[in-house]
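Tertiary structure, described
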Amino acid sequence: MRRRLPAAALALGIALALLAASPALAAGYRYWSFWDGSAGGRWSYATQGPSMARPADGAVQGFRFSVSKDAAAQAAQPRVAADFETVCGATAPTEGSKRVALVIDFGVPADAPTGDAPPEAAPRTACAQVAPEATTAEALASVAKPLRYNSAALLCAISGYPTQGCGDQVADSAAGTPAPAQSAARESGGGPSAGLLAGIAAVAALAAAGVWQSRRRTR
């Protein structure tokens, strides 16, 4: 029984460490997600960025601003169907150009950065007529300026929204509030969060206490 005390203390410390680290694991990001339209009006998360994708004539491309935990599995989709005819049906094809249907969803107020608000409540649609070799980014720029990118070519703003920030990490427990520990770690080149460090300290303290108590009882 006495020998089990250090192990029990260690197990309890590990549990506390995991609980302390959980806010960091639950964090999401506030960003513009990029989507490809497919048959039946469905959306699928794009595998290329808009500056690399070169859609064909008749393609539908979507953008949605939101706070999402996971880009591939849980990102919020545009709130209207991917329907080329609805967006570009009235635009006649022109030789030497292609038509790309764009859906731009500025999201909901709850996902807006502090002091900012979506410029439009409903998703905006536009039919871009661009050169055959144009990228999605070029098609978007033709109908929704100004665009803003960061140094890593991440799309930060469409039509000037949001006015600041780019892919900012937010705490799951307080949407719209940056996670200070994570922000500090990112600015300093990475590192463990404050919660994880506290958990590690708890592991060490509890394990030491267990060992001390075990040795005391064996005397």
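About the criteria used
Residues numbered from 1 in each chain as written. Predicted model: local features only at pLDDT ≥ 70, side-chain atom pairs only at ≥ 80, totals over all residues. Heavy atoms only, no water. Helix = DSSP H or I, 4+ residues; strand = E, 2+ residues; numbered from the N terminus. Buried < 20%, exposed > 50% of the residue type's maximum accessible area, 1.4 Å probe, protein only. Disulfide = S-S within 2.5 Å. Salt bridge = Lys/Arg side-chain N within 4 Å of Asp/Glu carboxyl O. Polar contact = N/O pair within 3.5 Å; in protein donor to acceptor, adjacent residues only side chain to side chain. Phe/Tyr/Trp six-rings, centres within 6.5 Å; stacked < 30°, edge-to-face > 60°. pLDDT = per-residue confidence, 0-100. Contact = heavy atoms within 4.5 Å.

What follows is about the overall build of the protein. When its secondary structure is counted, the protein shows six helices and eight strands. Counting from the amino terminus, helix and strand elements in the protein follow one another as α-β-β-β-α-α-β-β-α-β-β-β-α-α. Across the 219 residues that make up the protein, the buried fraction comes to 36%.

What follows covers the state of the cysteines. Applying the stated criterion across every chain yields a total of two disulfides. Across the disulfide from cysteine 88 sits cysteine 127; the S-S distance is 2.1 Å. Given an S-S torsion of about 115°, the disulfide between cysteine 88 and cysteine 127 has right-handed geometry. Placement of the pair is cysteine 88 in helix α3 (residues 84–88) and cysteine 127 in strand β5 (residues 124–130), with a sequence separation of 39 residues. Owing to a relative accessible area of 0%, cysteine 88 belongs among the buried residues under this scheme. For cysteine 156, the disulfide goes to cysteine 166, at an S-S distance of 2.0 Å.

Enumeration over the complete set of coordinates arrives at four salt bridges. In this structure, the salt-bridge partner of arginine 64 is aspartate 105, at a minimum N-O distance of 3.8 Å. Highlighted residues: arginine 64 in strand β3 (residues 59–68) and aspartate 105 in strand β4 (residues 98–105), separated in sequence by 41 residues. The two residues arginine 64 and aspartate 105 agree in class, both being buried. Arginine 79 is paired through a salt bridge with aspartate 105; the nearest N and O atoms lie 2.8 Å apart. Taken together, the residues span a long stretch of sequence, with arginine 79 in the loop between α2 (71–74) and α3 and aspartate 105 in strand β4 at a distance of 26 residues. For arginine 79, a relative accessible area of 39% translates into the label partly exposed. Several salt bridges converge on common partners, so that one network encompasses Arg64, Arg79 and Asp105.

With that settled, consider the environment of glutamate 85. Relative to the helices and strands, glutamate 85 is located in helix α3. Separated by 16 residues in sequence, glutamate 85 and alanine 101 have C-alpha atoms that sit 8.5 Å apart.

Time to look at the environment of glutamine 169. Looking at the secondary structure, you find glutamine 169 in strand β8 (residues 168–170). The exposure class assigned to glutamine 169 is buried, which follows from its relative accessible area of 8%. A sequence separation of 141 residues divides glutamine 169 from glycine 28, and the C-alpha atoms of the two residues are 5.7 Å apart. Looking at glutamine 169, its side chain comes within polar contact range of the side chain of tyrosine 29, at 3.3 Å.

Using the criterion set out here, one finds six aromatic pairs in the structure. Aromatic pair phenylalanine 106 and tyrosine 161: ring centres 6.1 Å apart, planes at 70°, arrangement edge-to-face. Taken together, the positions of phenylalanine 106 in the loop between β4 and β5 and tyrosine 161 in the loop between β7 (155–157) and β8 put the pair 55 residues apart, joining distant regions of the chain. For phenylalanine 106, a relative accessible area of 0% gives the class buried. Members of the aromatic cluster, joined through ring pairs, are Trp32, Phe65, Phe106 and Tyr161.

It is worth spelling out the confidence of the model for the protein at this point. Residues with a pLDDT of 70 or more make up 64% of the protein, whose mean pLDDT is 78. In the model, residues 14–26 has pLDDT below 50 throughout and makes 16 contacts with residues more than four positions away in sequence or in other chains. Counted against residues more than four places away or in other chains, residues 173–204, with its pLDDT under 50, gives 38 contacts.

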